[in-house]
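Survey of secondary and tertiary structure
Here are the chains, one letter per residue:
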Amino acid sequence: MEVVTKGLLEIYQRILGLKFTKLDGVEVWHDDVEVYKVEDNSTGQVLGYFYLDLYPRDGKYGHACMINIQPGCLDKDGQRQKSVVAMLCNFSKSTADKPSLLDHKEVETYFHEFGHVMHGICSQADTSKFFGTRVERDFVEAPSQMLENWVWQEESLRLMSGHYKDGSALPADMLEKLVKSKNANAGIFNLRQILLASYDQRLHSGETNLDTAAEWSKMHKKMFDVEMIPDTNFAATFGHLVGYDGQYYGYMWSDVYSQDMFDSRFAKEGVMNPKTGKDYREQILVPGGSKDANELLKNFLGRAPNQDAFLKSKGLFDANTA
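1. Digging into the packing of aromatic side chains
Under the definition given, this model contains 22 aromatic pairs. Ring centres of phenylalanine 20 and phenylalanine 114 lie 6.0 Å apart, and the angle between their planes is 65°; this geometry places the pair in the edge-to-face category. A residue pair is termed long-range when its members are at least 10 positions apart, and phenylalanine 20 in strand S1 (residues 18-23) and phenylalanine 114 in helix H2 (residues 104-122) qualify at 94 residues. Accessibility expressed as a relative area gives 0% for phenylalanine 114, which makes it buried. Between tyrosine 244 and tyrosine 248 the ring centres are 6.4 Å apart and the planes differ by 55°, which places this aromatic pair in the tilted class.

As structure tokens, then:
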């Protein structure tokens, strides 16, 4: 856990041109919580603060998320206030005789949620309505999904991994196999995302007295050809039904944009390229929702977005042979 956190913070600082400083003696809601100050690395300007609340405890929210505490917008006097955000996760905590060992999926979640944190910290929108992650619902996941790609790159993986006993690097063959496993079961995962999005929209179609369990069973059977267990109701555990309200499709929609941003810029110019990272920060994160997502993407990509990189990332299309 400690190695991953150190590497993750280093990667984000290098990419986005930031400096993180851990603060001691700051009031927090639990002893496990850490607080960091964020400054622009070149100007020294303080952009804001983030809290890391990474470990489970009784009564804590059980999912992973980023929460805006104070938007870094203009206050009533026209002065820009500092952004304050918190990241909540539930990773296992190290003990005296047992270190916290994150699996690769947990590292991916860590990168995803911290991507939301950076969206909240870097935004410079003037009003709270358009601050940070307050963008179009079907774009909000794109910046954090884009940064998930770093957990599949050799250069960044080496910065945040090591054997828990001696700190030795990941063996080259293991690293190669890990990277190659990216699209394992991708078909099933993406089909399930389509099912979830379709079900979300079906339930928000306006029809009353819809049997949610029967509808899920019917749609699941149609897409997967697998019967559901009798007397179960998936909707009771589908937390995104509330809040997303028919817009769960945004996860896949955003992924089209996220892969286009990564493949078109970072994959070509270098995953640790500070110039590309500066463009990403200024053209995607800083505006928040003050500009339409299509305009942000055109500014960063130099063209309108397309789906080629998305299909390529799923193993369905190779732009080099098209």
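2. Description of unusual backbone geometry
Generally, phi is negative for residues other than glycine and the peptide bonds are trans, each holding for most cases. Even without a glycine there, the phi angle at asparagine 185 is positive, about 60°. Counting through the fold element by element, asparagine 185 comes out in the loop between helix H5 (172-180) and helix H6 (186-203). According to the relative accessible area criterion, asparagine 185 is exposed, its value standing at 60%. One non-glycine residue, asparagine 209, adopts positive backbone phi at about 60°. With respect to the helices, strands and loops of the structure, asparagine 209 is situated in the loop between H6 and helix H7 (212-224). Given a relative accessible area of 80%, asparagine 209 falls into the exposed group.

3. Some thoughts on the side chain of threonine 133
In this fold, threonine 133 is placed in the loop between H2 and helix H3 (142-147). Threonine 133 has contacts with Met66, Asn68, His116, His119 and Val140, leaving out every residue within four places of it along the chain.

4. Concerning the pairing of strand S3 (residues 46-53)
Counting buried residues in S3 gives 6 out of 8 residues, a clear majority hidden from the surface. In terms of strand pairing, strand S2 (residues 34-40) meets S3 through 6 bridges, oriented antiparallel. Bridge pairing in S3 links valine 35 to tyrosine 51. Hairpin connection between S2 and S3: a loop of 5 residues separates the two successive antiparallel strands, and glycine 44 in this loop has a positive phi of roughly 80°. As paired elements, S3 and strand S5 (residues 83-88) share 6 bridges and run parallel to each other. Across the sheet, phenylalanine 50 pairs through a bridge with valine 85, a residue of S5.

5. Describing the sheet that holds S1
Reading across from one edge, S1-S2-S3-S5-S4 is the order of the 5 strands in this open sheet, with mixed pairing throughout. Because the sheet does not close on itself, it has two edges, and the strands there are S1 and strand S4 (65-70). Taking the axes of each pair of neighbouring strands and ignoring which way they run, one obtains an average angle of 25° across the sheet. With 5 bridges connecting them, S4 and S5 associate as antiparallel partners. Residue pairing across strands places asparagine 68 opposite valine 85, the latter belonging to S5. Relative to the sheet, helix H1 (residues 2-16) contacts S1, S2 and S3, its axis offset from that of S1 by approximately 145°.

6. Things to note about the side chain of threonine 5
One can find threonine 5 in helix H1. Among the residues examined, threonine 5 registers a relative accessible area of 10% and is labelled buried. Not counting residues up to four positions away in its chain, the partners in contact with threonine 5 are Leu54 and Tyr110.

7. Observations regarding the nonpolar core
Core analysis: the biggest nonpolar cluster contains 58 residues, and Phe20, Phe50, Tyr110, Phe114, Met118, Trp150 and Tyr280 have the highest contact counts within it. No other element matches the 8 residues that H2 contributes to this core. With sequence-adjacent residues up to four places away left out, tyrosine 110 is seen in contact with Met1, Val4, Thr5, Leu8, Leu52, Leu54, Met87, Phe91 and Leu102. Counting 13 residues, the second-largest nonpolar core is a separate cluster that includes Leu195, Phe234, Tyr244 and Tyr248.

About the cut-offs
- Residues numbered from 1 in each chain as written.
- Predicted model: local features only at pLDDT ≥ 70, side-chain atom pairs only at ≥ 80, totals over all residues.
- Heavy atoms only, no water.
- Phe/Tyr/Trp six-rings, centres within 6.5 Å; stacked < 30°, edge-to-face > 60°.
- Helix = DSSP H or I, 4+ residues; strand = E, 2+ residues; numbered from the N terminus.
- Buried < 20%, exposed > 50% of the residue type's maximum accessible area, 1.4 Å probe, protein only.
- Contact = heavy atoms within 4.5 Å.
- Pairing = 2+ DSSP bridges.
- Axes fitted to C-alpha atoms, helices over the stretch in contact; angles between N-to-C directions.
- Core = buried A, V, L, I, M, F, W, Y, C linked by side-chain atoms within 4.5 Å.

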